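# Commentary on secondary and tertiary structure
Here is what each chain is made of, one letter per residue.
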Amino acid sequence: MVFLNGQFLPIEEARVPVLDRGFIFGDGVYELVPVYSRVAFRLDEHLARLERSLRETRIRNPYSRREWSDILYRVVDAQPFEDQGVYFQVTRGVARRDHSFPKDAQPTVFMMSNALVTPPKDAVQSGVAAVSAQDYRWLRCDIKSISLIGNCLLRQLSSEAGAAETILLRDGKLTEASASNVFVVRQGVILSPPKTHLILPGITYDVVLELARSSGIPLELREVAEDELRGADEIWLTSSSKEVLAVTSLDSRPVGAGRPGPLFARMYALYQDFKRQVMRAGKRETTSA
């Protein structure tokens, strides 16, 4: 079952007009919320990011946070699997094809859920390969836009190379990856670019920052030069589906010792423990905001 514009229905019956601006222009934003044991992970933070994306693109938010939460959990409860990835998007709506914003279009809202696929045990234990590329995407990467052709083209580079991700560089500095945030470890210090218009403000990124600070792990948010990336002791990818994942090969060269490092092992354990706490609490977020 999926949700589309106020209705819950089988996905085979869901229809969107061809003049929807999401179809014509990619004019919309989206979120992906991980759900563990039928409890949404950091739902308030995901909804806050959705609100920001809608505000920055000037798309009307059709629901309150409580309404979003209620819709999400109705979709979750209709699925047979315990761990899920709930995808939802809001487009500007249906209007005649014109680059200018329509004055009276109603936002199109779509939500669906699939089984959440996290990295398999061997990927966590051995790490994954990545390639690098120049970041040629637009300059508002902080908006979680459905216009993802740049990300898709960059991700295809790693797919064709048999790698898990494409790590991006702009003007000699690390930004993020095609579908992940990136952390670098050098001499026991975690480094990552700060939030700017050039990277997506990741929810998992924030969790890693919180866990590092609460555990006393040295952390610096600053520009990371390309040579610091290539000379890193450890490289990590973070996202809602990847959680925290070590990169052990970059452009066919080993990262550090060529295996997941000690700080990765510590952060991975911290993240899994944090996740278990969320599941044990079993609390469904239903904010009134």
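The text that follows walks through the structure, step by step, so that each part is easy to find. Please read these numbers as outputs of a predicted model, since none were measured by experiment. (Residues numbered from 1 in each chain as written. Predicted model: local features only at pLDDT ≥ 70, side-chain atom pairs only at ≥ 80, totals over all residues. Heavy atoms only, no water.)

## A few points about the packing of aromatic side chains
Enumeration according to the criterion identifies 11 aromatic pairs in this entry. Judged by centre distance (6.1 Å) and plane angle (40°), the ring pair of F183 and W236 falls under tilted. With F183 in strand β10 (residues 181-186) and W236 in strand β13 (residues 234-239), the pair connects residues that are 53 residues apart, well separated along the chain. Each member of the pair, F183 together with W236, is buried. One aromatic cluster is present, built from ring pairs that chain together F3, F8, Y63, W68 and F88. It is R74 that lies over the ring of F8; its NZ or CZ is 3.9 Å from the centre. The cationic tip of R92 hangs over the ring face of F101; the distance from NZ or CZ to the ring centre is 3.5 Å. (Phe/Tyr/Trp six-rings, centres within 6.5 Å; stacked < 30°, edge-to-face > 60°. Helix = DSSP H or I, 4+ residues; strand = E, 2+ residues; numbered from the N terminus. Buried < 20%, exposed > 50% of the residue type's maximum accessible area, 1.4 Å probe, protein only. Lys NZ or Arg CZ within 6 Å of the ring centre and 35° of its normal.)

## A few points about the nonpolar core
Among the nonpolar cores identified, the biggest contains 23 residues, and W68, L72, F88 and M111 are the most heavily contacted of them. Counting residues per element, the ones that place at least two in this core are β3 (28-36), β4 (39-40), α2 (43-57), α3 (65-77), β5 (84-91) and β6 (108-115). If one sorts the elements of this core by residue count, α3 sits on top with 6 residues. When near neighbours in sequence (up to four residues on either side) are disregarded, M111 contacts V2, F3, W68, I71, L72, V75, V86, Y87 and F88. (Core = buried A, V, L, I, M, F, W, Y, C linked by side-chain atoms within 4.5 Å. Contact = heavy atoms within 4.5 Å.)

## Considering the layout of surface pockets
When its volume is computed, the largest pocket comes out at roughly 720 Å³. Elements supplying a minimum of two residues to the lining of the largest pocket: β3, α5 (149-160), β9 (173-177), α6 (203-214) and β13. Its residues assigned to classes, the lining of the largest pocket comprises 13 nonpolar, 12 polar and 6 charged. Put simply, the second largest pocket is a space of about 330 Å³. Lining the second largest pocket are 20 residues, with F25, G26, W138, S145 and S147 sitting closest to its centre. Looking at the lining of the second largest pocket, the elements with two or more residues in it are α1 (21-25), α2 and α5. Each residue belonging to the lining of the second largest pocket can be placed in one class, and the counts come to 7 nonpolar, 7 polar and 6 charged. (1 Å grid on protein atoms, 1.4 Å probe; cavity = no way out; pocket = protein on both sides within 12 Å on 5 of 7 lines; lining within 4 Å. Points joined across faces, edges and corners; volume = space filled by probe spheres on them. Nonpolar A, V, L, I, M, F, W, Y, C, P; charged D, E, K, R; others polar.)

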